[in-house]
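# Descriptive structure summary
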Amino acid sequence: MNIPETSEDFKIEFYSSIDFFDKIGDLRIRQFMNRLNKVSDKIIVGGIIKVFENKMRPETEYTDQKYAGKILEKLKPKSDLDLLKVLKSTIENWNKSVEEFPFWIKENYGIEQVKNKLNEYETQNLNETESDKLKTIKWWLKI
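Per chain, the residues get numbers from 1 upward, laid out in the order the sequence is written. The predicted nature of this model means local features are confined to residues of pLDDT at least 70 and side-chain atom pairs, given and counted, to a pLDDT of 80 or more, with totals for whole chains, interfaces and linings taken over all residues. As a rule here, side-chain values cover all heavy atoms of the structure and leave hydrogens and water aside.

## A closer look at empty space enclosed by the protein
Selection rule: In the cavity and pocket records, a cavity denotes points on a 1 Å grid over the protein atoms alone where a 1.4 Å probe fits but cannot get out, a pocket denotes an open set with protein on both sides within 12 Å along at least 5 of 7 lines, and lining residues are residues with an atom within 4 Å of a point. Grid points are joined across faces, edges and corners, and a volume is the space filled by probe spheres set on the points. Helix and strand assignments follow DSSP, with helices taken as H or I runs no shorter than four residues and strands as E runs no shorter than two, numbered in order from the N terminus.
In total, this model carries 1 cavity of 30 Å³ or more according to the counting rule given. One number sums up the size of the largest cavity: a volume of about 30 Å³. Forming the boundary of the largest cavity are Tyr15, Val51, Asn54, Arg57, Glu61, Asp64, Gln65 and Asn93. Broken down by element, the lining of the largest cavity gets its largest block of residues, 3 residues, from helix H5 (residues 61–75).

## Regarding the packing of aromatic side chains
Condition: Planes of paired rings set the category: under 30 degrees apart is stacked, over 60 is edge-to-face and the rest tilted, where pairs are Phe, Tyr or Trp rings (Trp by its six-membered ring) whose centres lie within 6.5 Å. To sort residues, take the accessible area from a 1.4 Å probe on protein chains only and compare it with the maximum for the residue type: under 20% means buried, over 50% means exposed, and anything in between is partly exposed. Charges are assigned to positions over rings by a cutoff of 6 Å between ring centre and Lys NZ or Arg CZ, combined with an angular limit of 35 degrees from the ring normal.
Within the structure shown, the criterion is met by 10 aromatic pairs. A ring pair is formed by Phe101 and Trp104, whose centres lie 6.5 Å apart and whose planes are at 20°; its orientation type is stacked. Taken as a pair, Phe101 and Trp104 lie in helix H7 (residues 100–109) at a separation of 3 residues, close to a single helical turn. Judged on exposure class, the residue Phe101 and its partner Trp104 are both buried. An aromatic cluster of at least three residues, connected via ring pairs, comprises Phe10, Phe14, Tyr15 and Phe32. The lysine or arginine in question, Lys70, covers the ring of Tyr67, its NZ or CZ lying 5.9 Å from the ring centre.

## Some points on unusual backbone geometry
With a phi angle near 50°, Lys76 is a residue other than glycine that sits in the positive phi range. Within the secondary structure, Lys76 sits in the loop between H5 and helix H6 (83–90). Of note, Lys142 is a non-glycine position whose phi angle comes to about 55°, a positive value. Structurally, Lys142 is set in the segment after helix H9 (128–141).

Listed below in C-alpha cells is the structure:
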C-alpha cells in the first residue's frame, strides 16, 4: 500500500482497499485510513470528491461512499474548494444514506455558508435527483 501523493493516487489506493473488503473485511481500509495522517488535506479532499463523483462503481457505491465518509469524519480534512462546485460535482451521485458528507460540508464551510450555497444552488435549473438530494442535505443538517 502506497501513501497517496495525488488525489488520483488516493482514489486508486482507496478503491484497492475497498475491493479487498469481501476477502479481509475492513482491515485494509482501516490500514489505509491510518496512513492518511501523512497526506495533505488537499489530496484527501480531492480523492474523496472523486469517490463521490464516481458513477462507474454502482455495485459498491454505498460502501465506497460510506468509507469515504468515515475518512471525512475521522480526519476532518480542511478545504477551501468552492462549495458550489463541490455540490455540483457530487450531489447527483451522492448516496443519501451517507450522512458524513453533509456533516463534513457543514463542519468545513460553516452552517451559514452552507445555507447560502444550498439556496444559491436551488435557484439553478435542477433535475429531480439534484432537488431531492438538496432537500436531503437540508434535512440531515436541520436547515
